[in-house]
Amino acid sequence: CGESYLYCPSASSKPLPIEVGHYGTGGEFAADIGNDPTRFRTSQAICPPGFYCQSGLKHKCPAGTFGETEGLVETHCSGLCPRGFFCPENSVKPLPCSPGSYSTGGAAECTSCEIPLTVSMQSKYSMCSEF
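Just so it is clear, the model here is predicted, and its values are computed rather than measured. (Residues numbered from 1 in each chain as written. Predicted model: local features only at pLDDT ≥ 70, side-chain atom pairs only at ≥ 80, totals over all residues. Heavy atoms only, no water.)

Quick word on the state of the cysteines
Point 1. On inspection of all chains with the given rule, the structure shows 4 disulfides.
Point 2. The residue that forms a disulfide with Cys97 is Cys110, at a sulfur-sulfur distance of 2.0 Å. Between Cys97 and Cys110, the S-S torsion sits near -85°, and that sign places the bridge as left-handed. Taken as a pair, Cys97 in the loop between strand S10 (95-96) and strand S11 (101-102) and Cys110 in the loop between S11 and strand S12 (111-112) lie far apart in primary sequence, 13 residues in all. (Disulfide = S-S within 2.5 Å. Helix = DSSP H or I, 4+ residues; strand = E, 2+ residues; numbered from the N terminus.)

A word on the environment of Thr75
Point 1. Tracing the sequence through the fold places Thr75 in the loop between strand S7 (65-66) and strand S8 (79-80).
Point 2. With 16 residues separating them in the primary sequence, Thr75 and His59 have C-alpha atoms 8.5 Å apart.
Point 3. Non-local contacts of Thr75, meaning those with residues more than four positions away in its chain, are made with Tyr52, Gln54 and Pro62. (Contact = heavy atoms within 4.5 Å.)

Some words on the environment of Leu6
Point 1. Following the sequence through the fold, Leu6 ends up in strand S1 (residues 6-7).
Point 2. Each C-alpha atom of the pair Leu6 and Gly24 lies 7.4 Å from the other, and the pair is 18 residues apart in sequence.

As structure tokens, then:
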């Protein structure tokens, strides 16, 4: 059918471009016939939340980002994970850090405050909340 950004619907006389924010689906897969599966796409689908799509291919949103809506095309998906939250790879929504941990913007995971027990609770809160 052609490159990854093309698909070939049945009964079509020529390849059609995959729409922006979509990826190619259907057809035979590489394991079945020993070829590149992108060359045998027969349809397209909108990119789901947690993914971005470029050139007809679907990619997971990278760690530290989240993909809240469908049809995303940028590698940063919907944006960087906000401060106080973390976003593992393929996140749809930012997840809050648990008490006693923090994150700065774009974090894939939260960091423990790890403040010694000799520090007062008020000081711990102040130190950890500054991040």
